[in-house]
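In case you want the letters, here they are:
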Amino acid sequence: MAGLIMNDFMLSQAQVCRALNLSRATLHRMRRVGAFPPPLRLSVNRIAWRASVVERWLADRDPQLATILS
């Protein structure tokens, strides 16, 4: 578990959109209806997701997609 925490990195909104081939508007809609994990607020104007959270979300949807961020 300690290795996971040390290797876990943050993904910006732009990185998540690029990795998942989503527009910002689609990502926002998915967040609003609870279809995507909530982000962490890093500052007033900055949000990000832990890569492990996005990978887990992908694995829950389709195990073959979970390797996108690896």
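Above this text sits the structure in question.
Residues numbered from 1 in each chain as written. Predicted model: local features only at pLDDT ≥ 70, side-chain atom pairs only at ≥ 80, totals over all residues. Heavy atoms only, no water.

Trainee: What is the right way to look at the sheet that holds strand β1 (residues 10-12) in this model?
Mentor: Whenever strands of a sheet pair, they do so through backbone hydrogen bonds, lying parallel or antiparallel. With antiparallel pairing, three strands are arranged side by side in an open sheet as β1-β3-β2. Looking at strand neighbours, the two that pair on one side only are β1 and β2 (40-43), the edges of this open sheet. Within this sheet the neighbouring strands show an average axis-to-axis angle of 45 degrees, counted without direction. Relative to strand β3 (residues 46-50), helix α4 (residues 51-61) is tilted by about 60 degrees, and along the sheet it contacts β1 and β3. (Pairing = 2+ DSSP bridges. Helix = DSSP H or I, 4+ residues; strand = E, 2+ residues; numbered from the N terminus. Axes fitted to C-alpha atoms, helices over the stretch in contact; angles between N-to-C directions. Contact = heavy atoms within 4.5 Å.)

Trainee: Is there a simple way to think about the pairing of β3 in this case?
Mentor: The side chains of a regular strand alternate, first on one face of the sheet and then on the other. Sheet analysis places β1 next to β3, joined by three bridges and oriented antiparallel. Within β3, the residue paired with L11 across the bridge is W49. Of the pairings in the sheet, the one linking β2 to β3 comprises three bridges and is antiparallel in character. Bridging across to β3, R41 finds its partner in I47. Connecting β2 to the next strand, β3, in antiparallel fashion are two residues.

Trainee: Can you help me understand the pattern of salt bridges in this one?
Mentor: Close approach of charged atoms lets side chains of opposite charge pair. Applying the stated criterion across every chain, the model contains one salt bridge. One salt bridge connects D8 with R50, and the closest N-O pair in it is separated by 3.8 Å. Taken together, the residues D8 in the loop between α1 (2-7) and β1 and R50 in strand β3 connect sequence positions 42 residues apart. Residue classification places D8 among the partly exposed residues on the basis of a relative accessible area of 22%. (Salt bridge = Lys/Arg side-chain N within 4 Å of Asp/Glu carboxyl O. Buried < 20%, exposed > 50% of the residue type's maximum accessible area, 1.4 Å probe, protein only.)

Trainee: Explanation requested: a nonpolar patch on the surface in the structure shown.
Mentor: A contiguous nonpolar patch, built from M10, L40 and L42 and spanning about 240 Å² of accessible area, is present on the exposed surface. You can see M10 is positioned in strand β1. The class of M10 is partly exposed, set by a relative accessible area of 34%. (Patch = residues over 30% accessible without salt bridge, like charges linked within 9 Å, V, L, I, M, F, W, Y side chains within 5 Å. Areas by Shrake-Rupley, 256 points an atom, 1.4 Å probe, with all protein chains shown as cover.)

Trainee: Is there a simple way to explain the side chain of Q13 in this structure?
Mentor: Mapped onto the elements, Q13 comes out in helix α2 (residues 13-20). Residue Q13 is classed as buried on the basis of its relative accessible area, which comes to 18%. Once you skip the residues sitting within four places of it in the chain, Q13 turns out to touch R24, L27, R31, I47 and W49.

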